[in-house]
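# A structural walkthrough
Each chain, letter by letter, is given below.
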Amino acid sequence: MRTPRQILAGAHTIAVVGASRDPQKPGHWVPKMLQEQGWHIVPVNPHATVLFGEHAYARIADVPEHIDVVQVFRPAEEAEGLVREAAAAGAGAIWLQEGIASPKARQLAGEVALDYVDDTCMGAERALADMVHGGCEPECPVYHGIVPVPESADAR
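Everything numeric in this text was worked out from a predicted model, so none of it was measured. (Residues numbered from 1 in each chain as written. Predicted model: local features only at pLDDT ≥ 70, side-chain atom pairs only at ≥ 80, totals over all residues. Heavy atoms only, no water.)

Among all positions in helix α4 (residues 103-111), only A105, L108 and A109 are buried. The arc that holds every buried residue of α4, seen down its axis, measures 105°, which confines them to one face. In α4, those exposed residues whose orientation departs by more than 90 degrees from the buried face are P103, Q107 and E111. Where α4 is buried, its residues contact α3 (79-88) and β7 (115-117). A positive phi of about 60° marks A113, the residue just after α4. (Buried < 20%, exposed > 50% of the residue type's maximum accessible area, 1.4 Å probe, protein only. Helix = DSSP H or I, 4+ residues; strand = E, 2+ residues; numbered from the N terminus. Arc of directions from axis to C-beta. Contact = heavy atoms within 4.5 Å.)

Now the structure itself:
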């Protein structure tokens, strides 16, 4: 089983299940940051048609291209099913974001030979490794993901 950094370093296409339209949510700003750093992001959200300038798909099975990693921003109860979907799509790994873990999904991933990461933020891992798609560079910009709210002239 590959480490989280090995998975991310070897990835090109990341399907993001639970990609969000809300820029304040990690399901939006983490994949957007990864996209800005060179990874190809494929949003998976049945309630959106376009996210991050990319066509959004309703399910992993609908994605018409090879997926290296399935990144998950959905409840842990859905993880087992998502492992099955990722394996059926031929993905190499499934990555449950920080705060999401499932022992059953971990076990199933091992049974279907799918690399598995849980309870780990892909964006934080990228930042800690100072990584961009295709390798590491010493000067990666820091991305905080929070959209600043401009102060009104009256508030001053």
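Next, the rest of the story.
Moving on to the side chain of H40. With respect to the helices and strands, H40 occurs in strand β2 (residues 40-44). Looking at H40, its side chain comes within polar contact range of the side chain of E65, at 3.0 Å. (Polar contact = N/O pair within 3.5 Å; in protein donor to acceptor, adjacent residues only side chain to side chain.)

Turning our attention to the side chain of N45. Counting through the fold element by element, N45 comes out in the loop between β2 and β3 (50-51). If sequence neighbours within four positions are ignored, N45 has contacts with A19, L51, A56, Y57 and A58.

Time to look at the pattern of salt bridges. Taken as a whole and assessed by the stated rule, the structure comprises seven salt bridges. The salt bridge partner of E36 is K32, with a shortest N-O separation of 3.8 Å. Residue E36 and its partner K32 are both found in helix α2 (residues 26-36); the two are separated by four residues, about one turn of the helix. Given the relative accessible area of 28%, K32 is considered partly exposed. Of the charged contacts, one joins E80 and R84 as a salt bridge, the two residues approaching to 3.9 Å between their closest N and O atoms. (Salt bridge = Lys/Arg side-chain N within 4 Å of Asp/Glu carboxyl O.)

This paragraph deals with the sheet that holds β7. Within the open sheet, the five strands sit side by side as β2-β1-β5-β6-β7. Their pairing is parallel. Two strands in the sheet have a free side with no partner beyond their single neighbour: β2 and β7. Strand-to-strand twist of the sheet, defined as the mean angle between neighbouring strand axes without regard to direction, takes the value 20°. (Pairing = 2+ DSSP bridges. Axes fitted to C-alpha atoms, helices over the stretch in contact; angles between N-to-C directions.)

The next point concerns the nonpolar core. Counting 25 residues, the largest nonpolar core has I14, L34, W39 and V69 as its most contacted members. For this core, the secondary structure elements donating two or more residues are α1 (4-10), β1 (13-17), α2 and β6 (93-96). The dominant element in this core, judged by the number of residues it contributes, is α2, at four residues. Not counting chain neighbours up to four residues away, the residues in contact with V69 comprise I7, A11, T13, I14, A15, A93, W95 and M122. The next biggest cluster of nonpolar side chains, apart from the first, holds 23 residues, and it includes V17, A105, L108 and L114. (Core = buried A, V, L, I, M, F, W, Y, C linked by side-chain atoms within 4.5 Å.)

By themselves, these are just geometric observations and shouldn't be taken as functional.
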